[in-house]
Amino acid sequence: MSQSMEQALQEAKAVAKNMRKNILVMTNRAKGGHPGGCLSATDILAVLYKCYMRVDPKNPRWPGRDYFFLSKGHAVPAHYAVLIETGFLSKDELKDFREIEGRLPAYPSCEITPGIDMSSGSLGQGLSVANGTALAAKLNGTDQRAYVMLGDGELHEGQVWEAMMTAAHFKLNNVCAIVDYNKLQLDGSLDEVKTLGDLRAKWDSFGWHTIEIDGHDYEQIYNAFAEAIAFKDGPTAIIAHTIKGKGVSFMEDEVGWHAAAPSDEQLQIALKELS
Amino acid sequence: MMIAPREAYGKALVELGKENKDVVVLDADVAKASMTILFKEVFPERFFDLGIAESDIIGTGAGFAVAGKIPFVNAYANFLLGNGWDQIRISVCYANKNVKIIGHNIGASSGKDGPTHLPLEDIALTRAFPGMTVIEPVDGIEIKKAVKALAQHVGPAYMRVGRLPIPVVTKEDDEFIIGKANTIRSGSDVTIIACGVMVSKALAAAEALSGEGINAEVINMHTIKPLDKEAILKSVEKTGAVVTAEEHTVIGGLGGAVAEFLACTKPLPMKIVGSQDRFGVCGSYEEIHQVLGLTSEKIIEAAKDVIKAKK
Ligand SMILES: Cc1ncc(C[n+]2csc(CCOP(=O)(O)OP(=O)(O)O)c2C)c(N)n1
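Residues numbered from 1 in each chain as written. Chains lettered and ligands numbered in written order. Predicted model: local features only at pLDDT ≥ 70, side-chain atom pairs only at ≥ 80, totals over all residues. Heavy atoms only, no water.

Attention shifts here to the overall build of chain A. Summing up its helical and strand segments, chain A has 10 helices and five strands in all. Taken against the 2.2 N^0.38 rule, which gives 19 Å for 275 residues, the C-alpha radius of gyration of chain A at 17 Å falls within 12% of a compact globule. Summarising its shape, the C-alpha atoms of chain A cover approximately 50 × 45 × 40 Å along the three principal directions. Across the 275 residues of chain A, 58% fall into the buried class. In chain A, 76% of the contacts between residues at least 6 apart in sequence involve partners at least 24 apart. (Helix = DSSP H or I, 4+ residues; strand = E, 2+ residues; numbered from the N terminus. Rg over C-alpha atoms; globule rule 2.2 N^0.38 Å. Buried < 20%, exposed > 50% of the residue type's maximum accessible area, 1.4 Å probe, protein only. Contact = heavy atoms within 4.5 Å.)

This is the structure we're talking about:
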């Protein structure tokens, strides 16, 4: 590991720690939200924003920016948390999550929140949007990249597979899809509800460059994004094996934490575990 | 008394499952929210969770219907109608299949989940389809009867089911017939036609109006399509003015249905209470109703306006 990379990853880890705490504070305060799928995505988002995303918090709509789309919109507290760490939002706003006032609605809104480029909350729609921005970047001759994070349950939606073919057909090497492969959805595990089968083989056969990683291993996350940037022949999928609820012992791999808020007492236990 | 429609729905499905072996239940990864989980617990072999795939469950439901089953297909109304639109249009309505489409978390009933999760357009979307029956039971008691009636009714149907508890306004022995409105308060000055949770607000409005010497008739229009035109005519011939109220956009819903009918048959002063061509907000059930103008006060205001316009 080079020294600069090591330092970058240390910073990302610190960011992730704050993110996890803020995700729990937000959901506790709002008495609602989806902590499980936020915590599984946290490490990936921390590395992506700290090491790769070319964005400007002072000018969120800077035309040359990279795009990130949270297709699994219910995990928006994780996105708010990383936007706080990168200066798009302020920590004072945590209290506004799911409230009528403020800039942190229950699901992503590009009309309300700086740093968010597309509203979402209906699963299945993000990869198509990423493809649109990637095609536009090609048209404009810029090197902008489009990142999109998908839930594994979300892959049940047919639109995702339509969009996979689009990205492969147009050789969108500026598209990087990340699957938060935590193996749980709302009603249960994917294998109980509807299995994805050989997920890697599916992406491969759709013409994507596929990388499989441990989504909580910082070096693997870092290297996967680097490999995606270096790969020029088409789109890259990062299948990130993750743990829903990662970092909070009683939430890990528990489907009940898909949509449930920690109580005050649970919040204190969780914050202690994370400190 | 307050009952969450989805709870009454889940229990009613179980009862129906006992009586009718042809009933199958499909869900799209929201069984715990739609309460179809209750059916799954009793009849696991007749329950199918197809994951987050709303277009897929509509088509699969149509297939069950082809094979003679009576499928109840469940998901959040916004996603089910959004993603399943063309499948509902072709495989269910054009094909005239006996599929029961159950839209959950309707109106403002998922509260703080906010705009993406607040379906305010589903009546308009389903009502537009030829052959589709559209129902919104008024409370947790009526929903049990509606579930039974849906199973007996042959043909495509859509039913709205809310998430949060709403007031009960009917009794166990009140009649429920698809396509037949229930007049639950009689009056002579103005007709208030409402559906779903807005019926309780219409009753509150009628009570307040009576204090001012205004007699409002309140109709529970639980079936939005086919519309009970006879009941509407009978009432407005007496009152000469009408207000509708729904937990839905004013475009194309109950108010739209009543207006389309009356404008062509018997034009008279009319106002539509509903969400004014906008998305919802993140808030409590009541907060959202305030923001969208889904209140007794709005009904009262509208009633006074149409009464004034009669003269
Ligand atoms: C189209 C659509 N259908 C249903 C839902 C309701 N819903 C929200 S989250 C969720 C489960 C998501 O599972 P997954 O994609 O695996 O996300 P994760 O486990 O990472 O949280 C469901 C069914 C939705 N938001 N959108």
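Don't stop here, the text continues.
Contacts to the ligand come from 23 residues, most closely from A:Lys72, A:His74, A:Asp152, A:Lys244 and B:Glu54. The environment around the ligand is built from residues contributed by chains A and B. With respect to the ligand, the side chain of A:Lys72 contributes an N or O atom lying 2.7 Å from an oxygen atom. Take A:Asn182: an N or O atom from its side chain is 3.0 Å from an oxygen atom of the ligand. Residue composition of the shell around the ligand, grouped by class: six nonpolar, 10 polar and seven charged. (Near = heavy atom within 4 Å. Polar contact = N/O pair within 3.5 Å; in protein donor to acceptor, adjacent residues only side chain to side chain. Nonpolar A, V, L, I, M, F, W, Y, C, P; charged D, E, K, R; others polar.)

Let's shift gears to the interface of chain A and chain B. Taken residue by residue, the interface counts 20 residues in chain A and 22 residues in chain B. Across the chain A-chain B interface, the total number found is three salt bridges. Counting the contacts that link chain A with chain B gives 15 residue pairs in polar contact (both at pLDDT 80 or more). Of the residues contributing to the side of chain A that touches chain B, the split by class is eight nonpolar, six polar and six charged. (Salt bridge = Lys/Arg side-chain N within 4 Å of Asp/Glu carboxyl O.)

What follows deals with helix α11 (residues 285-292) of chain B. All names here are of chain B. Listing the buried residues of α11 in full gives Tyr285, Ile288, His289 and Leu292. Around the axis of α11, the buried residues are gathered within 100 degrees of arc, so they sit on the same side. Phi turns positive, to about 75 degrees, at Gly293, one or two residues after α11. (Arc of directions from axis to C-beta.)

So, about the domain arrangement of chain B. Often, the extent of an interface is quoted as the loss of accessible area upon association of its parts. Residue and element names in this part refer to chain B. Domain assignment breaks chain B into domain 1 (2-167) and domain 2 (182-310). For domain 1 and domain 2, the distance between their C-alpha centres works out to 25 Å. Of the residues lining the interface, 32 residues belong to domain 1; the matching set on domain 2 comes to 35 residues. Taken together, the two surfaces of domain 1 and domain 2 that pack against each other cover about 2,400 Å², and 61% of this comes from carbon and sulfur. (Domains from an automatic or database assignment. Buried area = accessible area lost by both parts, 1.4 Å probe.)

So, on to the sheet that holds strand β4 (residues 209-214) of chain A. Residues and elements named next belong to chain A. Strand order across the open sheet formed by five strands is β1-β2-β3-β5-β4, with parallel pairing between neighbours. The open sheet has two edge strands with one neighbour each: β1 (67-70) and β4. For this sheet, the mean angle separating the axes of adjacent strands, direction not counted, is 20 degrees. Summarising the sheet, strand β3 (residues 175-181) and strand β5 (residues 236-241) pair through six bridges and their orientation is parallel. Looking at β5, one finds that Ala177 is bridged to Ala237. (Pairing = 2+ DSSP bridges. Axes fitted to C-alpha atoms, helices over the stretch in contact; angles between N-to-C directions.)

Our next topic: the packing of helix α3 (residues 42-52) of chain A against helix α4 (residues 76-85) of chain A. Relative placement of two packed helices is described by the angle separating their axes and the distance separating the axes. Residues and elements named next belong to chain A. The contact between α3 and α4 brings their axes to 10 Å, and the two run at 35 degrees. In the crossing of α3 with α4, the sense of the turn from one axis to the other is right-handed. Residues Leu45, Ala46 and Tyr49 of α3 pack against Ala78, His79, Val82 and Leu83 of α4. When its residues are assigned to classes, the contact of α3 with α4 shows six nonpolar, one polar and no charged. (Left-handed = near helix turned anticlockwise from the far one by under 90°.)

Attention shifts here to the nonpolar core. Counting residues in each nonpolar core, the largest one holds 57 residues, and the members touching the most others are A:Leu24, A:Val47, A:Phe68, A:Tyr80, A:Tyr147 and A:Phe225. With 10 residues, the top contributor of residues to this core is helix α1 (residues 3-30) of chain A. Residues within four places of A:Val47 in sequence aside, it is in contact with A:Leu9, A:Ala12, A:Tyr52, A:Tyr218, A:Ile221, A:Tyr222 and A:Phe225. By size, the runner-up hydrophobic cluster in this structure holds 47 residues, among which are B:Ile57, B:Phe64, B:Ile101 and B:Met132. (Core = buried A, V, L, I, M, F, W, Y, C linked by side-chain atoms within 4.5 Å.)

So, on to α3(A). Burial analysis of α3(A) places nine of its 11 residues in the buried class, which makes it a mostly covered element. Every buried residue belonging to α3(A) is among A:Thr42, A:Asp43, A:Ile44, A:Leu45, A:Ala46, A:Val47, A:Leu48, A:Tyr49 and A:Tyr52, and all of these are buried.

Two faces belong to every sheet, and in a regular strand the side chains alternate between them. All names here are of chain A. What you see with β1 is no split at all: Tyr67 and Phe69 on one side and Phe68 and Leu70 on the other are buried throughout. Pairing of β1 with strand β2 (residues 146-151) involves four bridges; the strand directions are parallel. Pairing of Phe68 across the sheet is with Tyr147, part of β2.

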